[in-house]
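Per-entry structural report
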Amino acid sequence: MEEIIVVKSEYVTSAVSRKACPEELLPEIVFVGRSNVGKSSLINSLTRRKNLARTSGTPGKTQTINFFRVELKVSDARHEFYLVDLPGYGYAKTSKTNRKLWAKFIDEYLSSRRDIKFVCQLVDMRHAPMESDLKSFASLVEKNLPVLVVATKSDKLGKTERQKHLDAIKNSLGIDAESILPYSSLKNEGRSELLDVILNSLIK
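To start, this report covers the structure provided alongside it.

Reading the values: the criteria
Residues numbered from 1 in each chain as written. Predicted model: local features only at pLDDT ≥ 70, side-chain atom pairs only at ≥ 80, totals over all residues. Heavy atoms only, no water. Helix = DSSP H or I, 4+ residues; strand = E, 2+ residues; numbered from the N terminus. Buried < 20%, exposed > 50% of the residue type's maximum accessible area, 1.4 Å probe, protein only. Phe/Tyr/Trp six-rings, centres within 6.5 Å; stacked < 30°, edge-to-face > 60°.

A few points about the environment of proline 87
Within the secondary structure layout, proline 87 lies in the loop between β4 (77-85) and α2 (96-112). The buried category is assigned to proline 87, whose relative accessible area is 2%. With 48 residues separating them along the chain, proline 87 and lysine 39 place their C-alpha atoms 9.5 Å apart.

What follows is the structure, given as structure tokens:
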């Protein structure tokens, strides 16, 4: 396959309700994951834009649904889509009221948007999926949304440890190995593979 080039990536808007989501219809690729799993770093790695998504050492920093417009180029063909960053789940220091509000509008978004191509559920490769990961994955499957599990921070583990942790993720979620993509935002490992998956979803 020819090289996939990200020719444009830009922040579009942040939404806290379904009504505030962009009106322009484009395919949507959605990122979900626990707070501090590395969603912003992965978005910046994928688009090769250092500060497109703001990274923070503070869990729970993203409190809105953030839409980024991305354009890919392959040969002479161009494909546009929204990359959608959802608030991180599982951060205990956020108030219960806030967590309920986030859960409500995230559920509304995932249930109502008709142009979601697939969801990337990010899990930290260094740890077995937590209860919140399992609940999120089950909810996505229940909504009949295609899910690709992206195992972040892959550079933090050696080869033997890495396989053991990938097996733990596979067994916990009940998926096959092909449904998990190891990713290192630091080294851009997994970037070309993820771009391939995105492109294939856009041209189906």
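Remarks on the packing of aromatic side chains
What the rule picks out here adds up to 3 aromatic pairs. Geometrically, the ring pair formed by tyrosine 11 and phenylalanine 68 is edge-to-face, given 5.9 Å between the ring centres and 65° between the ring planes. A residue pair is termed long-range when its members are at least 10 positions apart, and tyrosine 11 in strand β1 (residues 5-15) and phenylalanine 68 in strand β3 (residues 65-74) qualify at 57 residues. Take tyrosine 11: its relative accessible area is 45%, and that puts it in the partly exposed class. Consider the rings of phenylalanine 67 and tyrosine 82, whose centres lie 5.7 Å apart with planes at 85°: the pair is edge-to-face. One end of the pair, phenylalanine 67, is in strand β3; the other, tyrosine 82, is in strand β4, with 15 residues separating them in the sequence. With respect to burial, phenylalanine 67 and tyrosine 82 carry one shared label: buried. An aromatic cluster of at least three residues, connected via ring pairs, comprises Phe67, Tyr82 and Tyr109.

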